[in-house]
Amino acid sequence: MKIPATLLLATTLAVAAYAAPATLVAQEMIPAEQATRFIGKTGMVCGKVEKTRYAQNSEGEPTFLYMGGTFPRHTFSARIPGDQRGSFRPTPEELEGRDVCVIGAIKRDSNRAEISVTSPSNIKLATIN
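For every chain, the first residue of its written sequence is number 1, and the numbers climb from 1 along that sequence. A pLDDT threshold of at least 70 governs which residues receive local features in this predicted model, and a stricter bar of 80 or more applies before side-chain atom pairs are shown or counted, although totals over entire chains, interfaces and linings include all residues. In computing side-chain values, all of the structure's heavy atoms are included and hydrogens and water are not.

Engineer: How do you make sense of the packing of aromatic side chains when you look at a structure like this?
Structural biologist: Describing an aromatic ring pair means giving the distance of the ring centres and the angle of the ring planes. Any two of the Phe, Tyr and Trp rings considered here, Trp counted by its six-membered ring, make a pair once their centres fall within 6.5 Å; the pair's planes then place it as stacked at under 30 degrees, edge-to-face at over 60, or tilted in between. Counted under the stated rule, the structure contains two aromatic pairs. Residues Phe-64 and Tyr-66 carry aromatic rings whose centres are separated by 5.9 Å and whose planes lie at 0° to one another, so their mutual orientation is stacked. Burial classes follow relative accessibility: with a 1.4 Å probe on protein chains only, a residue under 20% of its type's maximum area counts as buried, one over 50% as exposed, and anything between as partly exposed. For Phe-64, a relative accessible area of 9% gives the class buried. By the ring-pair criterion, three or more aromatic residues cluster together here, those being Phe-64, Tyr-66 and Phe-71. The criterion for a charge sitting over a ring is simple: Lys NZ or Arg CZ within 6 Å of the ring centre, and within 35 degrees of the ring normal. One residue, Arg-85, lies across the ring of Tyr-54, its end atom 3.8 Å from the ring centre.

Here it is, written out as structure tokens:
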């Protein structure tokens, strides 16, 4: 998926307004479909949240945001720890179908890329003006 230039510009402005430290603003936006190329680096992965899943019966009760394709063939996921779920506004489920950017260390999970979200500030809504 190619991210439209208007989305990139709007996302850059949105992240610039809210991101700290300032070095995060200078990071290149990584399309979710290409996130596996950046495993081992810190980055900002952007794309549409295709599906969310609250894994209540799994250790840590994480919530997953699946991006970069339709579940289960997605290429990227953001993992929100269960003890952090309540601090997200909008809720993780309300992010389904929306364009977001996730900031953090990109790791490998199976054959996909994943960022373990440590704070609500690591997820930014991408808005088109």
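Engineer: Would you explain the state of the cysteines in this entry?
Structural biologist: Disulfide: a covalent bond connecting the sulfur atoms of a pair of cysteines. Whenever a pair of cysteine sulfur atoms sits within 2.5 Å, that pair is classed as a disulfide. On inspection of all chains with the given rule, the structure shows one disulfide. Here Cys-46 engages in a disulfide with Cys-101; their sulfurs sit 2.1 Å apart. Note on the Cys-46 and Cys-101 pair: the S-S dihedral is about 110°, so by sign convention the disulfide is right-handed. Of this pair, Cys-46 sits in strand E2 (residues 42-54) while Cys-101 sits in strand E5 (residues 99-109), placing them 55 residues apart in sequence. The secondary structure listing takes helices from DSSP runs of H or I that are at least 4 residues long and strands from runs of E that are at least 2 residues long, numbered from the N terminus.

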